[in-house]
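Fold and contact review
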Amino acid sequence: MADRDKTHYEVIVIGAGVAGIYQIKRLADLGVDATVLEAAADLGGTWYNNRYPGARFDSESYTYGYSFSKELLEEWHWQERYSPQPENLRYLNYVAEKFDLRRHMQFNCRVEAAHFDDAANLWRIRVADGRTLTCRFVIMTLGLLSIPTMPRIEGLADFKGPSFHTFDWPHEPVDLAGKRVAVIGTGATAIQVIGEIQDKVGDLTVFQRRPNWCAPLNNSKISDAEMAEIRARYDEIFQTCARTPGGFEHEPDRRGFWEVGREERIALWDRLYDEPGFGIWLRNFREIFTDEEANAEFSEYIADRIRQRVKDPETAEKLIPKDHGFGVQRVPLETNYLEAYNRPNVHLVDLAETPLERVTETGLRTTERDYDFDVIVYATGFDAITGAYDRIDIRGVGGVKLRDKWRDKISTYLGVFIHGFPNLLMPNGPQSGSASTNYPRGIEVGVDWTTAFLEHAWANGYVRAEATEQAEDRWTRHVTKMYSMMLMRKAKSWFTGYNSNVEGHEAGTIRYLVYNGGMPKYVSIINETAADGYSGIDFETDAAEPERKAS
Ligand code: NA7
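What comes next is a walk through the structure. Position labels on residues start from 1 in each chain and follow its written sequence. With pLDDT at 70 or above as the cut-off, local features in this predicted model cover only qualifying residues; side-chain atom pairs require 80 or more to be listed or tallied, and sums for whole chains, interfaces and linings still use all residues. With hydrogens and water stripped out, all remaining heavy atoms of the structure feed into the side-chain values.

Here we take up the packing of helix 16 (residues 469–484) against helix 17 (residues 519–531). Put simply, helix 16 and helix 17 touch, their axes get as near as 14 Å, and they point 170° apart. When the axis of helix 16 is compared with that of helix 17, the two are roughly antiparallel. Here helix 16 runs over helix 17; the crossing is right-handed. Side by side, helix 16 and helix 17 meet where Trp475, His478 and Met482 of the first sit next to Lys521, Tyr522 and Ile525 of the second. For the contact of helix 16 with helix 17, the residue count by class is four nonpolar, one polar and one charged. Here, axes are lines fitted to C-alpha atoms. For helices the fit covers the stretch in contact, and angles between N-to-C directions go from 0 to 180 degrees. Strands here are runs of E lasting at least two residues and helices are runs of H or I lasting at least four, both read from the DSSP assignment and numbered beginning at the N terminus. Each angle receives one of four descriptions, namely roughly parallel if under 35 degrees, roughly antiparallel if over 145, roughly perpendicular if within 65 to 115, and oblique otherwise. Here a crossing is called left-handed whenever its near helix is offset anticlockwise from the far helix by less than a right angle, and right-handed whenever the offset is clockwise. Here a residue-residue contact requires only that any non-hydrogen atoms of the pair lie within 4.5 Å. Note on residue categories: nonpolar means Ala, Val, Leu, Ile, Met, Phe, Trp, Tyr, Cys or Pro, charged means Asp, Glu, Lys or Arg, and polar means any other residue, Gly included.

Before going further, it helps to spend a moment on the state of the cysteines. Disulfides are defined as cysteine sulfur pairs within 2.5 Å. All chains considered together, the criterion is met by zero disulfides. The thiol sulfur of Cys109 is not disulfide-bonded, and the nearest other cysteine sulfur, from Cys135, lies at 14 Å. Partly exposed residues are those whose accessible area sits between 20% and 50% of the maximum for their type, while under 20% is buried and over 50% is exposed, using a 1.4 Å probe and protein chains only. When its relative accessible area of 1% is taken as the criterion, Cys109 is described as buried. Since its relative accessible area comes to 0%, Cys135 is described here as buried.

This part covers the site of the ligand. Residues are classed as near a molecule or strand on a simple rule: at least one heavy atom within 4 Å of it. The immediate surroundings of the ligand are formed by 20 residues, with Thr189, Arg209, Trp494, Tyr498 and Asn501 found nearest. Polar contacts here mean pairs of N or O atoms no more than 3.5 Å apart (in protein, one a potential hydrogen donor and the other a potential acceptor; neighbouring residues in sequence count only if both atoms are side-chain atoms). Between Thr186 and the ligand, the recorded distance is 2.9 Å, taken from a backbone N or O atom to an oxygen atom. Separating an oxygen atom of the ligand from a side-chain N or O atom of Arg209 is a distance of 2.8 Å. For accessible areas, the Shrake-Rupley method is used with a probe of radius 1.4 Å. Any residue's cover is judged against the shown protein chains and nothing else. Contact with the protein chains removes 85% of the 780 Å² of surface that the ligand exposes when unbound. Tallied by class, residues from the shell around the ligand come to nine nonpolar, eight polar and three charged.

Salt bridge, as used here, is a side-chain nitrogen of Lys or Arg placed within 4 Å of a carboxyl oxygen of Asp or Glu. The final tally for this structure, using the stated rule, is 50 salt bridges. Note that Asp129 and Arg4 form a salt bridge whose closest N and O atoms lie 3.7 Å from each other. Here Asp129 is found in the loop between strand 5 (122–127) and strand 6 (132–140), whereas its partner Arg4 is found in the segment before strand 1 (8–14), with 125 residues between them in sequence. For the salt bridge of Lys70 with Asp235, the shortest nitrogen-to-oxygen distance reads 3.1 Å. Here Lys70 is found in helix 4 (residues 70–75), whereas its partner Asp235 is found in helix 7 (residues 224–243), with 165 residues between them in sequence. In this structure Asp235 comes out as partly exposed when scored by relative accessible area, which is 47%.

Across three bridges, strand 13 (residues 356–359) lies against strand 14 (residues 363–366) in antiparallel orientation. Bridged to Val359 within strand 14 is Leu364. Looking at chain direction, strand 14 and strand 15 (residues 370–372) are connected through three bridges and run antiparallel. If you follow Gly363 over to strand 15, its bridge partner there is Asp372. Strand pairing is assigned whenever DSSP identifies at least 2 bridges connecting the two strands. What sits between strand 14 and strand 15 in their antiparallel hairpin is a turn of three residues.

Before going further, it helps to examine the sheet that holds strand 12 (residues 346–350). By way of backbone hydrogen bonds, the strands of a sheet pair with one another, either parallel or antiparallel. Here five strands make up an open sheet; going across it, the order is 7-16-8-9-12 and the pairing parallel. The two strands at the open ends of the sheet, each matched to only one other strand, are strand 7 (163–165) and strand 12. Neighbour-to-neighbour, the strand axes of the sheet open up by a mean angle of 15°, direction not taken into account. Note: strand 9 (residues 203–208) against strand 12, five bridges, orientation parallel. The partner of Val206 across the bridge, within strand 12, is Leu348. Packing of helix 6 (residues 188–197) onto the sheet brings it into contact with strand 8 (180–184) and strand 9, and relative to strand 8 it is tilted by some 160°.

Turning next to the side chain of His505. The residue His505 is located in the loop between helix 16 and helix 17 in this model. For His505, the contacting residues outside a window of four places in its chain are Asp383, Thr386, Gly497, Tyr498, Asn499 and Arg511.

What follows is the structure in structure tokens.
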């Protein structure tokens, strides 16, 4: 157990999710004096919190697991191609036990503030339990989707029955059998929940504001023989992930969309639609992401698939997105989602026609009528990527608040550093390679890089490291340019920082949150930076400290 009376560490890591677990593993191996502060009662981050029915990977399980330990790869048997939440949490606990990481973790420790002490080159970390800890370096592994957002409507507290955001799904089982259940939202989360509970509840009403394009997950069990075959291929699997833009096994079709005849395009799509996972998105022609016309043709193909699977033509049309093309928002993968609407107990309410007005004591009110429910499920998304940073009072040099710095424009250097916030590192921060990739693949890259960076700092006796303003500007311009090539820049999705429930994040203001240049490009840039002696970073040694203090 971590010693709660200890007040100073060389490194404090904030967050014990997939990134924090690996970060502390690397630091523990180096014998660094470090601890992890986690707000929740236990480790796991996303996989600790999201306990809603149907929560599972959309990444192939064996590409999601950590790659750093051959022994771990040999030992763990993924049971399903797209592993469910309970199994994922078991996996992360297994990793923590195996490498004895819990002793470096402190739970129920919500960090309220992190202030940089400019004179001492230290971070002062205030925890909600009343303690203030100090550290030389702070590493933020806060989670990209860790701040759930509720609709901005009246009466949220009025409902008398159980109601919760999917992120806060209760830890004890929720009995939905025979119940009248409402689900608000139709993002990746709602699409998983709806597919899972449709035949287990009494009545299910889905409140949809905008439909999302989705595609079949095509999940399956992994037998002993298949797992043995996967283990034998692990090196190859991770090599493939490292060379694809999204960190998956799925490699884009390198043929030009317009060079291939329409029949051949359809043949590819027919094949991909029946394949498991993100193939339909990521094995597709690259023009899907950049060329309006190519995207429109493919979107029409998927629209026809919806029309084939949903029996009522009016409902089918409501489920076809009209405001964006396929793949420009994060594509949810589904199991029986569309077929749910063929069931007599499942109803679709189109909020574009009849917006939600308020929550009542017994259910929900739209502009048209009142609905009564036993349970309300809010699958209404997250204050994505920067939300967790905004919730901590982070202050850098001169007391500047990060929240203010990022209010109108996110800017970072490599997604890892922030000018004005020395000694603060983000292995999976905004504008880093993690947000737009198969997350753990990006995380391992980020954590390995930040760890090497710290080793460099320690080897040279540096006590302060800060990105220059010029380096930050250059990177932020590069990130912005990468968006300009992508159709996704026009979409109302968390990739562009849209969230109707967060003030200032409404439609119309693009926030450049993710790196769209692809993982290989990101890795080559950060590796070049390291090889260059960490260009773009100003370092100071201890010797400079007295001068700085005097000035
Ligand atoms: P998303 O993808 O942000 O989806 C949120 C959904 O909730 C989306 O359909 C929203 O409709 C809907 N929403 C949000 N607020 C409201 C209000 N006020 N009224 C009605 N409907 C609303 O979040 P998810 O949790 O599904 O997925 C997030 C990521 O988690 C996902 O990409 C995976 O990587 C894992 P809108 O589109 O805004 O009209």
